[in-house]
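# A look at the structure
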Amino acid sequence: MDRRLIPLVAAAFAVGTDAFVITGLLPAIGADLDVTTAAAGQLITVYALTYALAAPVLGALTAALDRRTVLLAALAVFIAGNAAFAVADDYAFAIAARIVTGLGAALITPQASAIAASIAPPERRGRYLAVVMGGLTAATALGVPLGSLLGAVDWQLTLWAVAGLGVLAAAGIAVLLPPLQAPAAGLAARLAPLRDKAVLGIVTTTALVLASGYALYTYFGAAAEAATGGSQALLTVLLLAQGIGAVIGNHLAGRLTDRFGPARLMLHVQAVMVALLVLAPFAFANLAAAIAISFAFGITAWMAIVPQQHRLVSRHPESAIVLIGLNSSALYAGIAFGGLVGGVSLSWLPVAALGPVGAVLGAAGLVLTIAMVRAKAPVPRPAAA
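Just so it is clear, the model here is predicted, and its values are computed rather than measured.

With that settled, consider the overall build of the chain. Counting its regular elements, the chain contains 16 helices and 0 strands. Across the 385 residues of the chain, 54% fall into the buried class. A fraction of 84% describes how many contacts in the chain between residues 6 or more apart in sequence connect residues 24 or more apart. Within the structure as shown, the chain displays about 15400 Å² of accessible surface, and the carbon and sulfur contribution to it stands at 72%.

Okay, structure coming up:
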């Protein structure tokens, strides 16, 4: 592996752990801040919304700057936000700390992915992107369980550990990466791809894919209760299977994107994901089938991110930061929308039906991808400065 990717992976791992580990710490956080667990959950919402809104805006504003400098600055903000959250002694301060953390994170993952795409040989771009995204998948498989173990002792320890990961990533970036100036292009030229219908179609597909999965995954514990019998240990087994699948799926995505092309891969990924969601009510009826579908879901869901990034960067390489940031926003927006749809659906449907509900959203995304592939929109020429 290109050693320049190592600190980029570390940065993505820190962001992924920070984003996903908070869920398991909410009861302890709520108790310390003297708020309900539901109110503590808004710390996740605030972070996600900050990320979704800030990623494309900050990406556009910093696109002309040296990428290494921007990434180091973003890590500094991310570290400060986690440190502030770790010492928070009231709810309002904790909310402010999560907003600061979200602002830093909103630049880290897009910058790391854009740097990986810029240093990759064209025929290996998918694999380089997958290596960086591997930091996020490793966070789901390793960072979250480890963070939860620390949190069982003291939830602040988890935040300090995440901040420490950010420091290590920043040190590696400072040592291993040279200055990386973005391609010369004015702000108007960088924003021009937002008028490209294909770009809007790609990011809408990203949102629909994530929404389809999170309509079920947000309520994963309740959906899997028949298989686990309410056992937290067995639920952890299912989550671990999903995390291991995510690592494998992300690794496969890079190689398959380079071999078959991102659009063709997305068609297959989306079709399989719809099928898994349709089968979910039957699979969660017993433990063995639930483990199998959790593993398969992890593989499939995490195969969808790299090809989408590849499609965007290939169309407008001069606007990579803006477009990867926009795709990240679509990802978080999809997670939020999926959770909302799932929650509303539970008002009149049993939790077992959330898989088919998600499948409807996934089918809409699949239809959109099919339409775009059939349209065969030409790749625009790079914009002039």
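Relative orientation of the contacting elements helix 3 (residues 67-86) and helix 6 (residues 155-176) amounts to 165°, with a least axis distance of 9 Å. Taken together, helix 3 and helix 6 sit at an angle that is classed as roughly antiparallel. The two elements helix 3 and helix 6 cross, and the hand of that crossing is left-handed. Residue-level contacts link Arg68, Leu71, Leu72, Leu75, Phe78, Ile79, Asn82, Ala83, Phe85 and Ala86 of helix 3 to Trp155, Gln156, Leu159, Trp160, Val162, Ala163, Gly166, Val167, Ala169, Ala170, Ile173 and Ala174 of helix 6. A per-class count over the contact of helix 3 with helix 6 returns 18 nonpolar, 3 polar and 1 charged.

In total, this model carries 3 salt bridges according to the counting rule given. Of the charged contacts, one joins Asp258 and Arg127 as a salt bridge, the two residues approaching to 3.0 Å between their closest N and O atoms. Remark: Arg127 occurs in helix 5 (residues 125-153) and Asp258 occurs in helix 11 (residues 232-260); sequence separation between them is 131 residues. By relative accessible area, which is 23% here, Arg127 ends up partly exposed. Residue Arg315 is joined to Asp196 by a salt bridge in which the shortest nitrogen-to-oxygen separation is 2.9 Å. Here Arg315 is found in helix 14 (residues 305-315), whereas its partner Asp196 is found in the loop between helix 7 (187-191) and helix 8 (197-217), with 119 residues between them in sequence. Since its relative accessible area comes to 9%, Arg315 is described here as buried.

Backbone phi values are negative for most residues with the exception of glycine, while trans is the configuration of most peptide bonds. Of note, Asp34 is a non-glycine position whose phi angle comes to about 60°, a positive value. Inspection of the secondary structure puts Asp34 in the loop between helix 1 (6-33) and helix 2 (37-62). For Asp34, a relative accessible area of 71% gives the class exposed.

On the surface, a nonpolar cluster with roughly 370 Å² of combined accessible area is contributed by Leu240, Ile244, Ile248, Leu252 and Phe295. Here Leu252 shows up in helix 11. Owing to a relative accessible area of 34%, Leu252 belongs among the partly exposed residues under this scheme.

Calculation notes
- For every chain, the first residue of the written sequence is number 1, and numbering continues from 1 along that sequence.
- Local features are withheld for residues below a pLDDT of 70 in this predicted model, meaning they are given only at 70 or higher, and side-chain atom pairs are given and counted only at 80 or more; totals for whole chains, interfaces and linings count all residues.
- Hydrogens are left out, water is left out, and the side-chain values use all remaining heavy atoms of the structure.
- Secondary structure follows DSSP: runs of H or I at least 4 residues long count as helices, runs of E at least 2 residues long count as strands, and numbering of each begins at the N terminus.
- Exposed residues in this analysis have more than 50% of their type's maximum accessible area, buried residues have under 20%, and partly exposed residues fall in between, with area computed by a 1.4 Å probe over protein chains only.
- Contacts are assigned to residue pairs with any non-hydrogen atoms lying within 4.5 Å of each other.
- Every accessible area reported is derived by Shrake-Rupley at a probe size of 1.4 Å, with residue values counting cover from the shown protein chains alone.
- Inter-axis angles, ranging from 0 to 180 degrees, are taken between N-to-C directions of lines fitted to C-alpha atoms, where helices are fitted over the stretch in contact.
- Throughout, the term roughly parallel applies to angles under 35 degrees, roughly antiparallel to angles over 145, roughly perpendicular to angles from 65 to 115, and oblique to all others.
- Crossing chirality is assigned from the near helix's rotation relative to the far helix, an anticlockwise turn below a right angle marking it left-handed and a clockwise turn marking it right-handed.
- Residues are grouped as follows: nonpolar covers Ala, Val, Leu, Ile, Met, Phe, Trp, Tyr, Cys and Pro; charged covers Asp, Glu, Lys and Arg; every other residue, Gly included, is treated as polar.
- A side-chain nitrogen of Lys or Arg and a carboxyl oxygen of Asp or Glu constitute a salt bridge if their distance falls within 4 Å.
- Patch construction takes residues with relative accessible area above 30% that form no salt bridge. Like charges are linked within 9 Å, and nonpolar side chains (Val, Leu, Ile, Met, Phe, Trp, Tyr) are linked within 5 Å.

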